[in-house]
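Commentary on secondary and tertiary structure
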Amino acid sequence: TSYVTINDTSNGAATYSVSTSTSNINEGQSFTTTLKTTNVPSGTKVNWRLTGIDSSDLTYGYLFLNGSETINANGQLTLTHSIDNDQKTEGTETVGITFYSDADRTQQVGTTSYVTINDTSKTKQLTYSVSTSASSINEGQSFTTTLKTTNVPSGTNLYWGLSGIDSSDLTY
């Protein structure tokens, strides 16, 4: 008995196309990534990974830097990632999303897509301004010192001291 293996070549090679809803977002916004395929069976598991950020940058939806999804009946899958408006100054970040055909994430399919995340939560500059009611006084006179601040939270403890005199020079 002889056997012949017949390979089905009518479907063609599998193709993978990766796109994102935007290439640039601000913190607090979301982006959607779509993987469109041809000649990939519905229900095929595809693994993905985010790079360039850490999990604390994500706020809701997919909260992990990697995972797996299945190709739907239309030959695609869609992921939405929401970026946290974390109020930390980090500078501009670039997140990459890559898809893989294997669980070890060594066999990339499609190209890596990138989204730039603009840092909109820059830390505010704290300022302190000290002034006195007089620049020179005689013994027995008094003066007032005023401290004005910007971006210092209410209730913050501030410490002060006098120099150039000792406690015997003060009257209460």
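1. Section: the overall build of the protein chain
Secondary structure assignment for the protein chain yields zero helices and eleven strands. Overall, the protein chain shows an N-to-C arrangement of helices and strands of β-β-β-β-β-β-β-β-β-β-β. Here the C-alpha atoms of the protein chain give a radius of gyration of 31 Å, more than 25% beyond the 16 Å that 2.2 N^0.38 yields for 172 residues. Across its three principal directions, the C-alpha atoms of the protein chain cover 120 × 30 × 20 Å. Expressed as a percentage of its 172 residues, the buried residues of the protein chain come to 24%. Accessible surface, the protein chain as shown: approximately 12,000 Å² in total, 46% of it carbon and sulfur. Taking the average place of the 8 positive charges on the side chains of the protein chain and the average place of its 15 negative ones, the gap between the two points comes to 8 Å.

2. Some words on the nonpolar core
With 20 residues, the main nonpolar core has Leu35, Leu50, Ile53, Leu77, Ile83, Val95 and Phe99 as its most contacted residues. Once you skip the residues sitting within four places of it in the chain, Leu77 turns out to touch Thr33, Thr34, Leu35, Val46, Glu69, Thr70, Ile71 and Phe99.

3. Some thoughts on a nonpolar patch on the surface
A cluster of nonpolar side chains, Ile137, Phe143, Trp160, Leu162, Ile165, Leu170 and Tyr172, forms an exposed patch at the surface whose accessible area comes to about 850 Å². When you line up the elements, Ile165 lands in the segment after strand E11 (145-150).

4. With respect to the layout of surface pockets
Size it by volume and the largest pocket reaches roughly 860 Å³. Residue lining of the largest pocket: 23 residues in total, with Phe143, Thr145, Leu162, Ile165 and Leu170 positioned closest to the centre. When contributions to the lining of the largest pocket are tallied by element, the ones reaching two or more residues are strand E10 (127-132) and E11.

Scoring rules and cut-offs
Residues numbered from 1 in each chain as written. Predicted model: local features only at pLDDT ≥ 70, side-chain atom pairs only at ≥ 80, totals over all residues. Heavy atoms only, no water. Helix = DSSP H or I, 4+ residues; strand = E, 2+ residues; numbered from the N terminus. Rg over C-alpha atoms; globule rule 2.2 N^0.38 Å. Buried < 20%, exposed > 50% of the residue type's maximum accessible area, 1.4 Å probe, protein only. Areas by Shrake-Rupley, 256 points an atom, 1.4 Å probe, with all protein chains shown as cover. Lys, Arg positive; Asp, Glu negative; His and termini not counted. Charge placed at Lys NZ, Arg CZ, Asp CG, Glu CD. Core = buried A, V, L, I, M, F, W, Y, C linked by side-chain atoms within 4.5 Å. Contact = heavy atoms within 4.5 Å. Patch = residues over 30% accessible without salt bridge, like charges linked within 9 Å, V, L, I, M, F, W, Y side chains within 5 Å. Salt bridge = Lys/Arg side-chain N within 4 Å of Asp/Glu carboxyl O. 1 Å grid on protein atoms, 1.4 Å probe; cavity = no way out; pocket = protein on both sides within 12 Å on 5 of 7 lines; lining within 4 Å. Points joined across faces, edges and corners; volume = space filled by probe spheres on them.

Function cannot be inferred from these measures alone, as they are strictly geometric.
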